[in-house]
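# Chain and residue survey
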Amino acid sequence: VTAVRSLWIVNSIAATGSLTAVQTVANLPEVSQVRLDNVVQEIRPTDALTDTRLTGTTAVITGPVASWGIERINAPAVWHGLGVAGSGVTVAIMDTGVDWQHPNLAANYRGNQGGTVNHSGSWFNAVVPTSTIPVDNIGHGTHVAGTAVGQNGIGVAPEANWIAVNIADPFGLIWESDVHRGFEWLLAPNGDPALAPDVVNNSWGTSLPSTWFVEDIAALHAANIQVVFSAGNSGPFTSTIGYPAGNPGVLSVGASDDLDEVAWFSSRGPSTQTDEVKPWVVAPGTQIVSALPGGGTYLNNGTSMAAPHVVGTIALLLSANPSLSRSQVNEILAETAVPLAATHPNMHSGWGRLDAYAAVASQTNAGTLTGQVTANNLPLPGVVVTITVPSGGQFTVTTGPDGRYAARLQSGSYA
């Protein structure tokens with residue numbers, strides 16, 4: 001038996017062994033099961049429905065927001081109108097790795113803070129643990145990271161810190177045992193639970209109904225780490241939701257297009273594992289501009305691109321209100337989503353299309369108004385009102401028959 005790896009998160013051991021060794025181990029009374037390792041998914045550079053590199057694009061996008069998805073979920077209004085951009089929150093990308101030196105990702109990589117570079121606790125290669133410098137030989141993880149936390153207009157939460165775990169081998173194969181190892185590390189990066197992320201993006205999965213990672217996700221949820229999964233690209237038919245996205249308690253994300261319709265490829269519910277709404281919400285997932293390893297940008301399609309829109313929005317929410325629980329975050333995303341169908345929630349678009357501004361505005365105040373109340377254009381002595389105005393709200397002050405003053409919210413107006 002060789003390559004023995006303890007996987008405490010699921011009370012298992014991964015190892016390579018001869019047939020005789022495997023049979024011997026299987027006969028031990030303390031061993032409940034021996035089976036082959038599973039390939040969860042294969043991610044290749046050409047797996048996306050479209051992979052269009054933007055020829056002639058400079059390394060850094062400047063000027064207006066470059067991704068229609070960022071605009072559609074109203075992320076710029078969160079940054080500029082509410083003053084929230086993700087600071088104080090850590091996002092983890094568990095994927096094919098990330099190019100940490102990309103101009104749109106280098107500044108908020110947690111291993112590159114304070115003028116020194118220290119990858120320990122901010123990067124883990126579950127496939128080759130001796131690989132201590134973040135890389136992405138496939139490109140998928142860098143694109144996902146760019147959408148979640150990229151700067152210069154490509155990411156939802158450009159001030160959030162990010163860390164990364166590689167779970168794909170050099171051929172793009174994601175093995176079950178490596179995923180377990182990745183989840184273990186996320187609970188305590190570099191052995192320190194204080195370095196655990198607030199939210200984890202998982203733009204991967206299998207079309208086979210499985211419970212392979214139920215225990216892992218439960219462990220992260222117990223640590224109040226939000227775990228987000230892409231729904232899969234097996235649509236447009238029902239019951240095509242991927243897994244772990246289809247498992248109970250998992251926040252799953254489908255894809256929408258620029259017409260605010262569910263993308264044809266986006267996987268639908270229901271799930272074989274639960275009666276929960278699957279997907280929970282949808283987010284932009286077609287022709288998404290994001291980072292390319294080496295400093296460039298390119299377009300990609302898929303629910304893989306939709307999930308980081310939600311992850312970035314969760315980072316904005318937690319930046320605005322760090323006390324939010326996982327269930328509260330889910331409720332806010334549902335309550336503020338833009339319905340895409342007359343009946344919602346449903347098993348195609350869930351509660352609707354993500355709206356980052358509406359979600360974060362529910363947790364912030366735009367400002368305070370203080371003024372002197374007047375009657376007949378003359379100030380009333382000692383009558384001064386201070387009103388805290390919710391984001392997107394406008395108040396008027398009126399008098400009642402008893403001489404008291406009341407503030408009334410005018411729905412649908414903006415201050």
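Residues numbered from 1 in each chain as written. Predicted model: local features only at pLDDT ≥ 70, side-chain atom pairs only at ≥ 80, totals over all residues. Heavy atoms only, no water.

## A word on the environment of Gly235
Here is the rule: Numbering of helices and strands runs from the N terminus; a helix is a DSSP stretch of H or I covering at least four residues, while a strand is a stretch of E covering at least two. Summary of the burial criterion: residues with accessible area below 20% of their type's maximum are buried, those above 50% are exposed, and those between are partly exposed, where the area comes from a 1.4 Å probe applied to protein chains only.
Locating Gly235 in the fold gives a position in the loop between strand E10 (226-230) and strand E11 (251-256). Given the relative accessible area of 14%, Gly235 is considered buried. Sequence separation of Gly235 and Gly254 is 19 residues, and the distance between their C-alpha atoms is 9.9 Å.

## Brief notes about helix H4 (residues 140-149)
Within H4, 10 of the 10 residues are buried, which leaves it mostly tucked inside the rest of the structure. Inspection of H4 places His140, Gly141, Thr142, His143, Val144, Ala145, Gly146, Thr147, Ala148 and Val149 among the buried residues, and these make up the whole buried set.

## Side note on the packing of aromatic side chains
We count it as follows: Aromatic contacts are taken between Phe, Tyr and Trp rings whose centres are within 6.5 Å, Trp giving its six-membered ring; a plane angle under 30 degrees counts as stacked, one over 60 as edge-to-face, and the others as tilted.
Counted according to the given criterion, the structure contains nine aromatic pairs. Plain terms: the ring middles of Phe124 and Trp185 are 5.7 Å apart, the flat faces sit at 10° to each other, and that makes the pair stacked. Of this pair, Phe124 sits in strand E6 (residues 123-125) while Trp185 sits in helix H5 (residues 176-187); the two residues are 61 residues apart in sequence, bridging distant segments of the chain. For the residue pair Phe124 and Trp185, the accessibility class agrees, reading buried in each case. When the ring of Trp204 is compared with that of Phe213, the centres are 5.7 Å apart and the planes differ by 90°; the resulting orientation is edge-to-face.

## So, the sheet that holds strand E7 (residues 161-166)
Cut-off, in case you're wondering: A strand pair is defined by DSSP finding two or more bridges across the two strands. Geometry is summarised by axes, namely lines fitted to C-alpha atoms with helices restricted to the contacting stretch, and by angles between N-to-C directions that run from 0 to 180 degrees.
Here seven strands make up an open sheet; going across it, the order is E6-E7-E5-E9-E10-E11-E12 and the pairing parallel. The sheet is open, and its two borders are formed by E6 and strand E12 (281-284), each paired with just one other strand. The average angle at which neighbouring strand axes cross in this sheet is 25°, direction not considered. Note: strand E9 (residues 199-202) against E10, four bridges, orientation parallel. Paired with Asn202 across the strands is Phe229, a residue of E10.

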